[in-house]
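Reading the structure
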Amino acid sequence: MKLYLSLLAILFSFSLQAQEIDLPGDFLSKDFHKDRREKLRASLPVNSVVVFFANPVRNRARDVDYIYHQDPDFYYLTGYKEPDALLLIFKDKQIAANGTAYNEILFVQPRNAMREMWTGRRLGEQGTKDVLGFEQAFNNTEFKRYNVDFTKFDKVLFFDFFNDVRNDPRDSSDLYDMIVQFKTKVRYPEKSGTSLAVEPAKNNLDMKGLNDLMANLRGIKTKDEIELVRKAVSISCMGQVEVMKAIKPGMSEREIQGIHEFVYKKYQAEDLGYPSIVGAGHNGCILHYIDNYKPSVSSKELILMDLGAEFHGYTADITRTIPVNGKFSPEQKAIYELVLQAQEAAMKITKPGTPLRLNTDTCRAIINRGLVQLGIIKPGEKHLYFPHGVSHHIGLDVHDRGGSIMEEGNTITIEPGIYIPDNAACDKKWWGIAVRIEDDYLITKDGYEHLSKSAPRTVKEIEDMMKQPSAFDDFVLPDLDKMNTKKQN
């Protein structure tokens, strides 16, 4: 039996190796990731090393984990999508014990045929070298024995820990253990009350400097990254279009969410950039409403839909607000067009050199003036009808790393909104109206490219699109209650 299992494991290992090439060819190349590491190295301070850890595996319940998602910085620099890994990038060449010179090293989870049978392929150290182009790649079991004197560096840069990584007692070299080993190697100052339990041998630990370094690097997208953002945006726009055609009073918020996400999967988007927000009526006033549980949307309501497909790691972020019955009421139209006016004013100043915060200031001035004209607030009155900023970077994160001043190559959003909850201190006719319009843009040399313009945005465009037939019109599932009644009879 042991021989049989060993042979099975070997055959399965070969099978995995043969299948590893059966993947889409439009992912970022190993040359992209290598170039990003070189760009980061060039920006590092003298005599320094940076350390990145992979994201931890998150447990959903008992023996079920959440679908793994790599840390965006780690993926950006390596292309490695698996957990339990660690990357070191050195400013200067290091010399190994055997005389080999190197300036980066990646520790990865080892091949394990039986584990791979259950949880999927692993690259292992050789696969990491072959597929990702690392010259120095080792199984993570080797990190404990990796002998480097961190005190010799003027700076050891890394992101501080949140102490939320679970320890797998079956694996002595998982992420938890590598963090413990790293802390020991650098004499990480563990806090106990208000005093330090361990004094660092040298005060060279920098847990803040990487933020700016990575923001400067990731904020300006390469040509390859822009194409992936563009694809994610196009897929997300198609989701909005199909929902506009398919939505009917009586649908649930979750059913509407499902149409969006079905379209994403149809176009091979691997994931969502963030939890989908689908809020009808008053629910739209909850900015990050993700329950999406209303069983029947009313013909009198608006529905706010803020969703983004993630394609090859890059995410869109698009919001459309539409009338469930296909026609804006006078009050809904007034609020909608005020939000649209604010967005278009911000678009006019969107170009290199403009502070992101100026988009928010521009939108806020227009919305405040408009709310006064509609009699919803008094001049100078403070309110929470527009409580958020309007622009952020998008990319590997939905709120991506980037600078505070727009630069050519940035991909950003503009997303003004007005949210008037039930029982607000204004005329009842405005209650339950929540509108957000969010679009994605590429900052160009002289201005911007409107990436999400294929999703209808004006009142007329939306109402016209909602009159179109839908591919989902004839998609009707059997009534489960009736089916169960027939079985019982």
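Residues numbered from 1 in each chain as written. Predicted model: local features only at pLDDT ≥ 70, side-chain atom pairs only at ≥ 80, totals over all residues. Heavy atoms only, no water.

1. Things to note about the overall build of the chain
A count of helices and strands for the chain gives 13 helices and 21 strands. Principal axes of the C-alpha set define a box for the chain whose edges measure 75 × 65 × 45 Å. Expressed as a percentage of its 489 residues, the buried residues of the chain come to 49%. Summarising the internal contacts of the chain: among those between residues at least 6 apart in sequence, 70% fall at separations of at least 24. (Helix = DSSP H or I, 4+ residues; strand = E, 2+ residues; numbered from the N terminus. Buried < 20%, exposed > 50% of the residue type's maximum accessible area, 1.4 Å probe, protein only. Contact = heavy atoms within 4.5 Å.)

2. Looking at the side chain of E104
Of note, E104 is situated in strand β5 (residues 101–108). In terms of polar contacts, E104 uses its side chain to reach the side chain of R37, at 2.9 Å. Of the polar contacts made by the side chain of E104, one reaches the side chain of R41; its length is 3.1 Å. Not counting chain neighbours up to four residues away, the residues in contact with E104 comprise R37, R41, L88, I89, F90, F134 and Q136. (Polar contact = N/O pair within 3.5 Å; in protein donor to acceptor, adjacent residues only side chain to side chain.)

3. A closer look at the pattern of salt bridges
Summed over the entire model, instances satisfying the criterion amount to 26 salt bridges. Between E104 and R37 there is a salt bridge whose closest N-O contact spans 2.9 Å. Here R37 lies in helix α2 (residues 30–43) and E104 lies in strand β5, a separation of 67 residues in the sequence. Each member of the pair, E104 together with R37, is buried. E344 is the salt-bridge partner of R457, the closest N and O atoms lying 3.3 Å from each other. Taken together, the positions of R457 in the loop between β21 (448–450) and α12 (459–465) and E344 in helix α10 (residues 330–348) put the pair 113 residues apart, joining distant regions of the chain. One network of salt bridges, in which partners are shared, links D73, R218, K221, D397, D400 and R401. (Salt bridge = Lys/Arg side-chain N within 4 Å of Asp/Glu carboxyl O.)

4. Focus: the environment of I179
Here I179 shows up in helix α6 (residues 175–186). With relative accessibility at 9%, the residue I179 sits in the buried group. C-alpha separation for the pair I179 and P416, spaced 237 residues apart in sequence, amounts to 41 Å. Other than its neighbours up to four places away in sequence, I179 contacts F53, F161 and V165.

5. Describing the environment of P421
Residue placement: P421 occurs in the loop between β18 (417–420) and β19 (433–436). The sequence separation of P421 and L384 amounts to 37 residues, and the corresponding C-alpha distance is 9.9 Å. Apart from the residues within four sequence positions on either side, P421 is in contact with H282, C285, Y385, W431 and G432.

6. Here we look at the nonpolar core
For soluble globular proteins, nonpolar side chains are generally found buried alongside one another. Ranked by internal contacts, the top residues of the largest apolar core, which has 97 residues, are L40 and I303. Ranked by residue count, the leading element in this core is helix α8 (residues 223–246), at ten residues. Residues in contact with I303, not counting those within four places in the same chain, are I247, I256, V278, G279, A280, V297, R320, T321, I322 and V324. Core analysis: the next-biggest nonpolar cluster, separate from the first, contains 25 residues, F150, F153, Y188 and L205 among them. (Core = buried A, V, L, I, M, F, W, Y, C linked by side-chain atoms within 4.5 Å.)

7. Details of the confidence of the model for the chain
Keep in mind that low pLDDT regions are not for reading the predicted coordinates in detail. Confidence in the prediction for the chain averages 93 pLDDT; 93% of positions are at 70 or higher. Below a pLDDT of 50 lies the segment residues 193–197, which in the model reaches six contacts outside its immediate sequence neighbourhood of four places, other chains included. (pLDDT = per-residue confidence, 0-100.)

8. Some thoughts on unusual backbone geometry
Despite not being glycine, R187 has its phi angle at roughly 55°, a positive value. When you line up the elements, R187 lands in the loop between α6 and β8 (191–192). Phi is positive for Q268, which is not a glycine, with a value near 70°. Within the secondary structure, Q268 is located in the loop between α9 (253–266) and β11 (271–272). Classification of Q268 as exposed rests on a relative accessible area of 57%.

9. Focus on the packing of α2 against helix α7 (residues 209–219)
For the pair α2 and α7, interaxial distance at closest approach is 10 Å and the crossing angle is 135°. Overall, the two elements α2 and α7 adopt an arrangement that is oblique. For the element pair α2 and α7, the recorded crossing hand is right-handed. Residues R36, K39, L40 and S43 of α2 touch α7, and the partners they reach there are L213, M214 and L217. Looking at the contact of α2 with α7 residue by residue, the classes come out as four nonpolar, one polar and two charged. (Axes fitted to C-alpha atoms, helices over the stretch in contact; angles between N-to-C directions. Parallel < 35°, antiparallel > 145°, perpendicular 65-115°, else oblique. Left-handed = near helix turned anticlockwise from the far one by under 90°. Nonpolar A, V, L, I, M, F, W, Y, C, P; charged D, E, K, R; others polar.)

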